[in-house]
Amino acid sequence: MLKFIDNPYLHEEIATLVVLLLYVILRISIAKIVTRFARLNEVLEHRTNLIIKYINLLLGILAIISITIIWGVKKDQILLFISSVFAVVGVASFAQWSILSNITAGIILFFSYPFKIGDKIKIHDKEYPIEGEIEDIKAFYVVLKTSDGEMVTYPNNLLMQKGISVVNKPLEEKEFFD
C-alpha cells in the first residue's frame, strides 16, 4: 500500500483515467444525440454514422492532446511536433483543400438539412444550372438525377455557395402536410 501512495505519477494516472472516462461518456452521449436528431429529421443511417465518425475522431484527437499535456510533455516539444505535422499536412493538403471544405459542408448540410433524398432541387449557377432529384447525399458530394436520366455528382461545398430551390417534395411528404 505504501508503494501506491508513494507513486510519483499518481496524479497523472488519475487525470488520464478521468480524461479517458470523459472521452467514453462524451462519445456515447454525442452518438445518442446525433442519432436522435437523425431519427427526428429522417436522415439516412449511413449519413448519421459518418457524422458520428467525424465527431469521434475530433474527440479522440482532443483526448490525445489532453493526455499529452497531463503527462507533462514540454510545450516546446508539443509545439514543434504540431507545427511539423501542420507543415507536412498543409503542403500535402494544399491541393486537396476542397476535400476538407466538402467534408465540412457535408456536416453543415447534415445538421441544417435544407433538403433530403427524393427532393427535386434546382441549383442556381450562372454557367452550369442543374435541376434534378437528389438520389444520395454523401460526405463529399450529392448525387443528382436529371430529367434526362443523367447522374450528376455535385460537391457539397458548392451546394453551400450556390442558391438552391427545392422544386418539389416527394409525394409522401406532400400528402403528409396537405
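Residues numbered from 1 in each chain as written. Predicted model: local features only at pLDDT ≥ 70, side-chain atom pairs only at ≥ 80, totals over all residues. Heavy atoms only, no water.

**Some words on the layout of surface pockets**
Condition: Here a cavity denotes a set of grid points, spaced 1 Å apart and computed over the protein atoms alone, in which a 1.4 Å probe fits but from which it cannot get out, and a pocket denotes an open set meeting protein on both sides within 12 Å along at least five of seven lines; residues with an atom within 4 Å of a point are reported as lining. Grid points are joined across faces, edges and corners, and a volume is the space filled by probe spheres set on the points. Labels follow the DSSP assignment, with helices taken as runs of H or I lasting at least four residues and strands as runs of E lasting at least two, numbered in each case from the N terminus.
Of the pockets and cavities examined, the largest pocket occupies roughly 490 Å³. Lining the largest pocket are 16 residues; nearest its centre among them are Ile61, Ile65, Ile82, Val85 and Phe86. The set of elements that each furnish at least two residues to the lining of the largest pocket consists of α3 (45-70), α4 (75-93) and α5 (97-112). A total of 8 residues in the lining of the largest pocket trace back to one element, the largest contributor, which is α3.

**A closer look at the environment of Ile137**
The residue Ile137 is located in strand β2 (residues 130-137) in this model. Residues Ile137 and Asn156, spaced 19 residues apart in sequence, show a C-alpha to C-alpha distance of 8.8 Å.

**A word on the side chain of Thr48**
What counts is decided by this rule: Each residue gets one of three labels from its accessible area relative to the maximum for its type: buried under 20%, exposed over 50%, partly exposed in between, using a 1.4 Å probe on protein chains only. Residues count as neighbours in contact if any of their non-hydrogen atoms are within 4.5 Å of one another.
Checked against the element boundaries, Thr48 lands in helix α3. Exposure remark for Thr48: the relative accessible area of 5% places this residue in the buried category. Ignoring any residue separated from it by four or fewer positions in sequence, one finds Thr48 in contact with Val34, Thr35, Ala38, Val43 and Phe110.

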